[in-house]
Amino acid sequence: MPTSGRLRWFIFIGLAPSVALFLLFVIAPMIWSVYYGFYDWSGIGDSRFIKLDNYKEVFDDPVFWKALKNNLIVVAASVFGQVPIALILALVLRKTSLFQRIVRGAIFMPMVLSSVVIGMIWQYMYHPQVGILNFALDWLQLGNLKRQWLGDPDIAMYSLTVPIVWNYIGLYLLLFMAALSNTPAEVDDAAKIDGASGARKLFAVTLPMIWGTIQVAVILCIAGSLKAFDLVFVMTGGGPAHGTELLATYMYNNTFNIYRFGYGSAISTVTIIISFMFIIISQLLLRRDQRQF
Amino acid sequence: MKKILMLTLLLVIVIGAVTACGSNNKSGSETGTNTATASNTSNASEAPAEKVKLSFWHTWTGDDNLTKAYLKLIDQFQEDHPNITLDIQAMPQDAYKTRLKTAAAANEMPDVFLAWAGAMTKELVAGKAVRPLNDLLDSKPEWKNSFLANSFNDFTVDNQIYGIPTELTPTSLVYYNKSFFDQYGVKVPQTWDELKQAVEIFKKNNVIPIALGDKGSWLAQSCILSALADRVTGTEWFLNAAAQNGAKFTDPEFVKSLTYLQELAKIGAFQDGFISIDNVGQEQLYNQGKAAMFIEGAWAVTNLVTQSPKDILDATHVTILPAIPGGKGKANSTSGVVGAGPAISSNMDEAKKAAAYELVYALSGPEAQKMSVENNKLVSYKVDVPADKVSPLFAEVNQLVGTLEFSPVYDAALTSAGTDAVNNGLQELLLGGDPQKIAEKIQAAVAKSLGK
């Protein structure tokens, strides 16, 4: 009994610093931002209590809904782009030949680059005059497919999802490879003895074995996409004419460009609530899926 | 039990160290090397009785000659004033503006800083973060009277002057490559129709008529619309609309000026993809000899002088946007602001204030103004341009500016939210949006931000 009491104390003390930091730097600002959301405040000077006006405005603001829609595009592109591609790559690149190692390195490379660098690289690729993409289309005699990739509000958001997906595949590849190498060899052997191979083995054995990791990956994906900011900020800044505005960039622009700290806070609060909802829904969906296997 | 006690103690120390480090780091980086050198020099010379420590934030971080001249000026100031220790922080402009806002919000303003005329000054005054400089100006009448007319307008709130202009920035000048105009026999446009004809001819000959880079979204507003709309609406209407005082952005004259701007885009005056490149991109197109004109503020002169190939630089001349038939504004004018200037915090004692005044005068006095002009920077102060010290293009701009009247720039006169609405609205407009609807959005944003 004394041992477990001591252990409990030790756990408590060991956790205390990180819990304190978490409370101070994550939870407290969150509560502050909910609080500021009730005020009309320009960042300097007096603030004015305006009850729910900011929150009402958020729901009436067409740009907010557009930003949410754009965010959903990013979520969809990430969940249905990053996760499956990373999974397929992980299955293909399981062996450790030199070629596969090089490919793995290449896929992982964007992870170690700063988002600003990636943004600049893709900005040049999409450049209407000197961009390699339009050059390539010309060269392939597909000149009529040339677009102003980041300048046309109708397609700019989709153009932006490509670098976002490309950027983070490496992370999920790493997750899946770790999960695959953690599946016990006995299961493989058992499957072999039972005569399962190919697609059947993949769907009946391998995928269920790493389902937990896939679940985690999807949640990371959704959470990451909802707070996406850096690449879009670098490449378009939310423009043209709010065409690629995300919740985070819209919040940033409101807070730091036009100094509506209160309204920016209200947007963050609503974003937090939306993010929670998405995570909960995705959790529920994936849990049901698991039972089918 | 002892062990646990020790462990707790250790943890407390570690956490203490971590948090202490955090705050130490902050002040450490703020103080930086500048303080060290400043205090060194002050130690070296005879130290007067009272020492004053001033914090000073500025944006001279570049590598150009004017920046270097300013830094030298500051060094000189420190040498001349051994009793004043400067705690300097230099930041690039965008970061600086955000940082200053944050400092104002936290009531931690530096003692002396650069403030921008117009919206920023108004916001700082509203936040009671700046202190008027009237008594400093009044104590040196010769200095005060050498500023050009209207110089202090954008630094003035309720008859109090909160900043001293150190630069004059016309935001809308048309830079053109004369060799293209000669080659295709085009007249430098004086009227709207001539501009349209010029666009037509250049397009036919595969020359970009006007290079445009509106990715940052401010360019079309600050460099084109501010001057263009003033031609149509007149200055008085704009100031009234900006204050929502009997004029609205949905008024027909403003919608008409939007239509003029859109007309340029519709007839193909700008190259494809103007929304994916920024002002550097438009200068690049011009420097590559692909474009006949581009429209930007006076700051582009420096870029052209340092970056243009010689043949293009030699062929480059400057004019203003053409007159618009039936417009209410003056044709011989363009938009301009007095830019940034030193200001001081509202929160300081008398000794500090005296020291701050010294610094403000050093940064914006006659010597500093002359220094700016010699380094190719326009000032709103009477200075003769030494012909041998500046580039021909700068001399040409300086001469042109002397003949013009200046109208307000949209982003200096509008609220931040209003500017944002105009910026985004113009992107939409240039991509083919409906001028009437865009005007409605701008009107709504401006009215809301003014609480009307």
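Residues numbered from 1 in each chain as written. Chains lettered and ligands numbered in written order. Predicted model: local features only at pLDDT ≥ 70, side-chain atom pairs only at ≥ 80, totals over all residues. Heavy atoms only, no water.

A. Spotlight on the overall build of chain B. When you go through chain B residue by residue, the secondary structure sums to 20 helices and 14 strands. Sorting the 452 residues of chain B into buried and exposed places 53% on the buried side. Excluding contacts between residues fewer than 6 apart, the proportion of contacts in chain B whose partners are at least 24 apart in sequence is 77%. Summed over its atoms, the accessible surface of chain B is roughly 19900 Å², and 53% of this surface lies on carbon and sulfur atoms. (Helix = DSSP H or I, 4+ residues; strand = E, 2+ residues; numbered from the N terminus. Buried < 20%, exposed > 50% of the residue type's maximum accessible area, 1.4 Å probe, protein only. Contact = heavy atoms within 4.5 Å. Areas by Shrake-Rupley, 256 points an atom, 1.4 Å probe, with all protein chains shown as cover.)

B. A look at the pairing of strand 2 (residues 84-90) of chain B. All names here are of chain B. The element strand 2 is extensively covered by neighbouring structure, given that six of its seven residues are classed as buried. Across seven bridges, the pairing between strand 1 (residues 52-58) and strand 2 is parallel. If you follow His-58 over to strand 2, its bridge partner there is Ala-90. Crossover connection from strand 1 via helix 2 (residues 65-80) to parallel strand 2: handedness right-handed. (Pairing = 2+ DSSP bridges. Right-handed = clockwise from strand over helix to strand, strands pointing away.)

C. Quick look at the pattern of salt bridges. The final tally for this structure, using the stated rule, is 19 salt bridges over all chains. Here B:Asp314 ties to B:Lys310 by a salt bridge, and the two come within 2.6 Å at their closest N and O atoms. A residue pair is termed a helical-turn pair when its members lie 3 or 4 positions apart in one helix, as B:Asp314 and B:Lys310 do in helix 14 (residues 310-315) at four residues. With a shortest N-O distance of 3.5 Å, B:Glu374 and B:Lys370 are connected by a salt bridge. Of this pair, B:Glu374 and B:Lys370 both sit in helix 16 (residues 366-374), four residues apart, which is roughly one turn of that helix. One salt-bridge network, held together by shared partners, links A:Glu57, A:Arg260 and B:Lys448. (Salt bridge = Lys/Arg side-chain N within 4 Å of Asp/Glu carboxyl O.)

D. Representation of the environment of A:Gln129. Its location among the elements puts A:Gln129 in the loop between helix 5 (115-125) and helix 6 (132-139). Residue A:Gln129 is classed as partly exposed on the basis of its relative accessible area of 27%. For the pair A:Gln129 and A:Ala90, spaced 39 residues apart in sequence, the C-alpha separation works out to 37 Å. Residues contacting A:Gln129, with those up to four places away along its chain left out, are A:Phe135, B:Gln271 and B:Asp272.

E. Inspection of helix 11 (residues 252-266) of chain B at higher detail. Residues and elements named next belong to chain B. For helix 11, which comprises 15 residues, the first-to-last C-alpha distance of 20 Å matches the rise-based estimate of 21 Å (1.5 Å per residue) to within 8%. Every buried residue belonging to helix 11 is among Glu-253, Phe-254, Val-255, Ser-257, Leu-258, Tyr-260, Leu-261, Gln-262 and Leu-264, and all of these are buried. Where helix 11 is buried, its residues touch helix 8 (192-204), helix 9 (219-233), helix 10 (235-242), helix 18 (410-413), helix 19 (416-430) and helix 20 (435-449). (Expected span 1.5 Å × (residues − 1).)

F. A look at the environment of B:Thr166. All names here are of chain B. Among the secondary structure elements, Thr-166 is positioned in the loop between strand 6 (160-161) and strand 7 (169-170). We classify Thr-166 as buried; its relative accessible area is 9%. Separated by 25 residues in sequence, Thr-166 and Pro-141 place their C-alpha atoms 17 Å apart. When neighbours within four sequence positions are excluded, Thr-166 is seen to be in contact with Tyr-70, Ala-340, Gly-341, Pro-342, Leu-363, Ser-364, Gln-369, Ser-372 and Val-379.

G. Spotlight on the UniProt feature "domain: ABC transmembrane type-1" (unreviewed entry) in chain A. According to UniProt, the positions carrying the feature "domain: ABC transmembrane type-1" (unreviewed entry) are residues 68-282 of chain A. Across residues 68-282 of chain A, helical content stands at 75% and strand content at 0%; the span's end C-alpha atoms are separated by 17 Å. (UniProt positions renumbered as here; feature names shortened; annotations may be inferred.)

H. Spatial organisation of the packing of helix 9 of chain B against helix 19 of chain B. Residue and element names in this part refer to chain B. Contact geometry of helix 9 with helix 19 gives a least axis separation of 8 Å together with a crossing angle of 80°. The orientation of helix 9 relative to helix 19 falls into the category roughly perpendicular. Note on element contacts: helix 19 touches helix 9 through Thr-419, Val-422, Asn-423, Leu-426 and Leu-430, opposite Ala-220, Gln-221 and Leu-225. Tallied by class, the residues present in the contact of helix 9 with helix 19 amount to five nonpolar, three polar and no charged. (Axes fitted to C-alpha atoms, helices over the stretch in contact; angles between N-to-C directions. Parallel < 35°, antiparallel > 145°, perpendicular 65-115°, else oblique. Nonpolar A, V, L, I, M, F, W, Y, C, P; charged D, E, K, R; others polar.)

I. Layout of a nonpolar patch on the surface. Side chains of A:Leu21, A:Phe22, A:Leu24, A:Phe25, A:Val26, A:Met30 and A:Ile31 sit close together on the surface and give an oily, nonpolar patch of about 660 Å² of accessible area. Among the structural elements, A:Leu24 can be located in helix 1 (residues 2-36). (Patch = residues over 30% accessible without salt bridge, like charges linked within 9 Å, V, L, I, M, F, W, Y side chains within 5 Å.)

J. Up close: the side chain of B:Gln271. Inspection of the secondary structure puts B:Gln271 in the loop between helix 11 and helix 12 (279-287). Its relative accessible area of 5% is what places B:Gln271 among the buried residues. Engagement of the side chain of B:Gln271 in a polar contact is seen with the backbone oxygen of B:Leu212, the distance being 2.8 Å. Apart from the residues lying within four places of it in its own chain, the contact partners of B:Gln271 are A:Gln129, B:Ile208, B:Ile210, B:Ala211, B:Leu212, B:Ile277 and B:Leu285. (Polar contact = N/O pair within 3.5 Å; in protein donor to acceptor, adjacent residues only side chain to side chain.)

K. Just the sheet that holds strand 4 (residues 130-131) of chain B, in detail. All names here are of chain B. What the five strands build is an open sheet, ordered 2-1-3-13-4; its pairing is mixed. The open sheet has two free edges, formed respectively by strand 2 and strand 4, since each of these has just one partner strand. In the packing of helix 4 (residues 119-126) onto the sheet, the strands contacted are strand 3 (112-116) and strand 4, and the crossing angle to strand 3 comes to about 125°. Contacts from helix 15 (residues 350-364) reach strand 1, strand 2, strand 3, strand 4 and strand 13 (340-345) within the one sheet, and its direction differs from that of strand 1 by about 40°.

L. The arrangement of the side chain of B:Thr233 in detail. All names here are of chain B. The topology assignment puts Thr-233 in helix 9. The class of Thr-233 is buried, set by a relative accessible area of 3%. The residues contacting Thr-233, other than those within four sequence positions of it, are Glu-253, Phe-254, Ser-257 and Lys-328.

M. How the structure looks around the interface of chain A and chain B. With 30 residues of chain A in contact, the opposing surface of chain B contributes 30 residues. Both faces considered, chain A and chain B share a buried interface measuring about 2600 Å² in area, 67% of it formed by carbon and sulfur atoms. The interface formed by chain A and chain B holds one salt bridge in total. Note that A:Glu57 is salt-bridged to B:Lys448, the shortest N-O span being 2.9 Å. Looking at the side of chain A that touches chain B, the elements with two or more residues in it are helix 1, helix 11 (230-235) and helix 12 (247-257) of chain A. Per element, the largest residue contribution to the side of chain A that touches chain B is four residues, and it comes from helix 1 of chain A. Of the residues that constitute the side of chain A that touches chain B, the class distribution is 15 nonpolar, 11 polar and four charged. (Buried area = accessible area lost by both parts, 1.4 Å probe.)

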